[in-house]
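Single-letter residue listing:
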Amino acid sequence: MEKDKEIAELYERAIEQTEALRKAQQQERLRSIQKQRLNLTKEEVSSLPDETVMYKSVGKAYFAWPKSEIVSGIESKIKANDAEIDNLKKQQEAIALKVKDTESQFKDLKLAA
């Protein structure tokens, strides 16, 4: 009875950790796609002449902004995105270690049964 309860708890923990790992992987993929879009946007905006009138949406309105500020805003978003991707990779590594630990505990418990 006691071992069945422990096995059930380990199984639930393994499922939760696997779901957390998948969620972190999905978030990393989404951030990578967003980074690609930001890089493409930066390239397109940078290729325009400096005199080009550019607009930025603020709520439902659009306001004229200097090109340099728009490019620097895109660059700051890229840096924030990179930091988030690094953070997600670290989370994935930590969760993967927990999953391996839980799996080894599960195997040890099954062998002992």
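As shown above, the structure is provided for reference.
One structure accompanies this document, and this report is about it. Keep in mind it's a predicted model, so treat the numbers as computed, not measured.

On the surface, Val53, Tyr55 and Tyr62 cluster together into a nonpolar patch covering about 410 Å² of accessible area. What makes Tyr62 exposed here is its relative accessible area of 62%.

What follows concerns the side chain of Gln92. Examined against the element boundaries, Gln92 turns out to sit in helix α2 (residues 67–112). Gln92 has contacts with Leu21, Ala24, Gln25 and Glu28, leaving out every residue within four places of it along the chain.

Inspection of the sheet shows strand β1 (residues 54–58) paired to strand β2 (residues 61–65) by five bridges, in the antiparallel sense. Note that in β2 the partner of Ser57 across the bridge is Tyr62.

Okay, helix α1 (residues 2–46) next. A rise of 1.5 Å per residue sets the reference length of α1, with its 45 residues, at 66 Å; its end C-alpha atoms lie 65 Å apart and thus fit the reference within 8%. Turning to α1, its buried residues are Leu10, Ala14, Gln17, Leu21, Ala24, Glu28, Leu38 and Val45. Where α1 is buried, its residues touch β1 and α2.

The rules behind these values
Residues numbered from 1 in each chain as written. Predicted model: local features only at pLDDT ≥ 70, side-chain atom pairs only at ≥ 80, totals over all residues. Heavy atoms only, no water. Patch = residues over 30% accessible without salt bridge, like charges linked within 9 Å, V, L, I, M, F, W, Y side chains within 5 Å. Areas by Shrake-Rupley, 256 points an atom, 1.4 Å probe, with all protein chains shown as cover. Salt bridge = Lys/Arg side-chain N within 4 Å of Asp/Glu carboxyl O. Buried < 20%, exposed > 50% of the residue type's maximum accessible area, 1.4 Å probe, protein only. Helix = DSSP H or I, 4+ residues; strand = E, 2+ residues; numbered from the N terminus. Contact = heavy atoms within 4.5 Å. Pairing = 2+ DSSP bridges. Expected span 1.5 Å × (residues − 1).

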